[in-house]
Amino acid sequence: MSDSALPESDRAPGAPHPRETPTLIGQEAAQTAFLEAFNSGRLHHAWLITGPRGVGKATLAWRIARFLLATPPADAGDGLFGEALPAAAPQTLEIDPDHPVSRRIEAMSEPGLFLLRRPYDEKAKRLKTQITVDEVRRLKGFFALSSADGGHRVVIVDAADEMNVSAANALLKLLEEPPAQTTLLLVSHQPSHLLPTIRSRCRELRLAALDGPNMAQALSLAGVDSEAANTAALAELSAGSVGEALRLVNLDGLTLYAELIAIMGTLPDLDRGRALRLAESVTGRAADDRYALLLSLLDLALSRIARTGATGQPPVIEAAPDEARILLRLAPSPHAARSWAEIAQTVGARVRHGRAVNLDPAALILDTLLKLRSTAADLARQHGPT
């Protein structure tokens, strides 16, 4: 298998790689903050790029890398008598795709850039589960080779959460004594899991979830027909994450969620035939991704039910037909909300155990729906029909 055909740990399924994404949608505040630091001449050596999965963190890291490697320093250029002329302060991170740096980065041949990510294990024929210390040690060779040209160097770590303890400690030493003219960009989905000493040595850029209009624009850039797709529902279920929205699109997640809500709408009786068909639709090795998606949608549906009961209001945006009415009927009160929140925790634990012991997917889904039927029946007995 050629290097170009190997799976990449930092590429979302069904989406272009972040280095190939030309535009970053809805993250103007983070881009402006970085530009202001650059133009002030006080550019921090390490940046922690945080936010939910799929909102553009890696895309921003690659945009910053192109910008730093293609933009001359502030004192570049000589005047008539050899004096340094100040460069005009750049107002955008945009770099022409035909710029040599852009071309080299797209081809993964830029000598001033190092990408630290989970590698492909040739022996096991799969991606490693962690970034190991051996990967971090490769930085020593990168700095030795790239120091000859005297230019800027950039290191992207995607994702920093995936470093094991030894790798994190090795990177910490680099953060404590960074090489000259080097910027480190750490992508993190869960910064609380990082070493506090790593977080304290980085400046944070926090990215926000995308709203409906920005989601539509981002999906369009990713090749999704935004007119045909229900972008409002996708933004709602994905919590503003483009990566998660793409997973929903590729696996027909909106239809799956609509069917799940419709089945919940039959509680406490439960349409067993319909429930069984749903459970059987996620069986088989080819359906692994759909099975994982259904489990996450089930957890999401329970949280939306509980939140409806706690607030007395269904979600503003319905992600499935008749969802608001169904959620209000299932959780008409704060007491009902507590019951659904408790069953959500119980179901979550059962699902994690079931997956750990490789329980049959259909059996696990059907058992979960029967648990929900019991909860709905208990609420009906206590407070009348839901």
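By convention here, each chain's residues receive numbers from 1 onward along its written sequence. Given that the model is predicted, a residue must reach a pLDDT of at least 70 before its local features are reported, and side-chain atom pairs must reach 80 or more before they are shown or counted; all residues, however, enter totals for whole chains, interfaces and linings. Hydrogen atoms and water are omitted, and side-chain values are computed over all heavy atoms in the structure.

### As for the overall build of the chain
Within the chain, the regular secondary structure consists of 15 helices and 7 strands. Taking the principal axes of the C-alpha coordinates as reference, the chain spans close to 90 × 45 × 40 Å. In the chain, which comprises 386 residues, the share counted as buried stands at 46%. What makes two residues a contact is simply this: any of their non-hydrogen atoms within 4.5 Å. Taking all contacts inside the chain whose residues are at least 6 apart in sequence as the whole, residues at least 24 apart take part in 73%. Method for areas: the Shrake-Rupley scheme with a 1.4 Å probe, in which residue coverage is limited to the protein chains shown. Accessible surface for the chain amounts to roughly 19200 Å². Of this, 52% is attributable to carbon and sulfur atoms. Once the 41 positive and 45 negative side-chain charges of the chain are each reduced to a mean point, those two points are 7 Å apart. Where helices and strands are cited, they refer to DSSP runs of H or I of at least four residues and of E of at least two residues respectively, numbered from the N terminus. Type-normalised accessible area, obtained with a 1.4 Å probe on protein chains alone, sets the label of each residue: buried when under 20%, exposed when over 50%, and partly exposed for intermediate values. Residues scored as positive are Lys and Arg, those scored as negative are Asp and Glu, and His as well as the terminal groups of each chain are ignored. Working definition for charges: the position is that of NZ of Lys, CZ of Arg, CG of Asp or CD of Glu.

### Let's talk about the pattern of salt bridges
When charged atoms on two side chains of opposite charge get close, those side chains can pair. When a carboxyl oxygen of Asp or Glu is within 4 Å of a side-chain nitrogen of Lys or Arg, the pair counts as a salt bridge. Enumeration according to the criterion identifies 20 salt bridges in this entry. Ionic pairing is found between R117 and D10, a salt bridge with its closest N-O pair at 2.7 Å. Separated by 107 residues along the polypeptide, R117 in the loop between β2 (113-116) and β3 (120-121) and D10 in the segment before α1 (28-39) bring together distant segments of the chain. D10 sits in the buried class, given a relative accessible area of 8%. E176 serves as the salt-bridge partner of R201, at 3.6 Å between the closest nitrogen and oxygen. Separated by 25 residues along the polypeptide, R201 in the loop between α6 (196-200) and β7 (203-206) and E176 in helix α5 (residues 165-176) bring together distant segments of the chain.

### What about the packing of helix α8 (residues 231-238) against helix α9 (residues 242-250)?
Interhelical geometry of α8 versus α9 gives an angle of 120° and a closest axis separation of 9 Å. Relative to α9, the element α8 is oriented oblique. When the axes of α8 and α9 are compared, the crossing they make is right-handed. On α9, the residues that touch L234, L237 and S238 of α8 are E244, A245, L248 and V249. In this classification, the charged set is Asp, Glu, Lys and Arg, the nonpolar set is Ala, Val, Leu, Ile, Met, Phe, Trp, Tyr, Cys and Pro, and all remaining amino acids, among them Gly, are polar. Considered class by class, the residues forming the contact of α8 with α9 number 5 nonpolar, 1 polar and 1 charged. In this analysis an axis means a line fitted to C-alpha atoms, helices contributing only their contacting stretch, and an angle means the value between N-to-C directions, from 0 to 180 degrees. For this classification, under 35 degrees means roughly parallel, over 145 means roughly antiparallel, 65 to 115 means roughly perpendicular, and everything else is oblique. Here a crossing is called left-handed whenever its near helix is offset anticlockwise from the far helix by less than a right angle, and right-handed whenever the offset is clockwise.

### Some details on the pairing of strand β5 (residues 153-158)
Of all 6 residues that make up β5, 6 are buried, and the element is covered over most of its length. Covered by surrounding structure in β5 are R153, V155 and V157 together with V154, I156 and D158, the residues of both alternating faces. Strands qualify as paired when DSSP identifies two bridges or more between them. Here β2 pairs with β5 via 4 bridges, running parallel. Following the sheet pairing, F114 is matched in β5 by V155. With 6 bridges joining them, β5 and strand β6 (residues 182-188) adopt parallel strand pairing. When the bridges of β6 are listed, R153 appears paired with T182.

### A look at the nonpolar core
L260, M264, L297, W340 and L372 are the most contacted members of the largest nonpolar core, which totals 58 residues. Among the elements that line this core, the one with the most residues is helix α12 (residues 288-311), at 11 residues. Beyond its immediate stretch of four places on either side in the chain, L260 contacts L278, L294, L297, L298, A301 and L369. Grouped together as the second largest cluster of nonpolar side chains are 31 residues, I49, L113, V154 and L205 included. By convention a nonpolar core is built from buried Ala, Val, Leu, Ile, Met, Phe, Trp, Tyr and Cys residues, the set being connected through side-chain atoms within 4.5 Å.

### As for α5
The end-to-end C-alpha separation of α5 is 16 Å, in line with the 16 Å expected for 12 residues at 1.5 Å each. At the N-terminal boundary of α5, the capping side chain belongs to N164, with an oxygen 3.3 Å from the backbone nitrogen of S166. Helices are assigned an expected span. That span is 1.5 Å times one less than the residue count. Definition of a polar contact: a pair of N or O atoms within 3.5 Å, with one able to donate and the other able to accept a hydrogen when the atoms are protein atoms, and with sequence-neighbouring residues admitted only if both atoms are side-chain atoms.

### Quick word on the pairing of strand β1 (residues 46-50)
Counting buried residues in β1 gives 5 out of 5 residues, a clear majority hidden from the surface. Side chains of β1 alternate between two faces, with A46, L48 and T50 and W47 and I49 buried alike. In this sheet, β6 lies alongside β1 in parallel orientation, the contact comprising 5 bridges. Note that in β6 the partner of W47 across the bridge is L185. Bridge count for β1 against β7 is 4 bridges, and the pairing is parallel. Across the sheet, residue W47 finds its bridge partner in β7, namely R203.

### Regarding the confidence of the model for the chain
Residues with a pLDDT of 70 or more make up 92% of the chain, whose mean pLDDT is 89. pLDDT measures how confident the predictor is about each residue, on a scale from 0 to 100. Averaged pLDDT values for the elements of the chain fall to 86 in helix α7 (residues 212-221) and rise to 98 in β1. Predicted confidence for residues 76-86 stays below pLDDT 50, and this span has 11 contacts to residues more than four positions away or in other chains.

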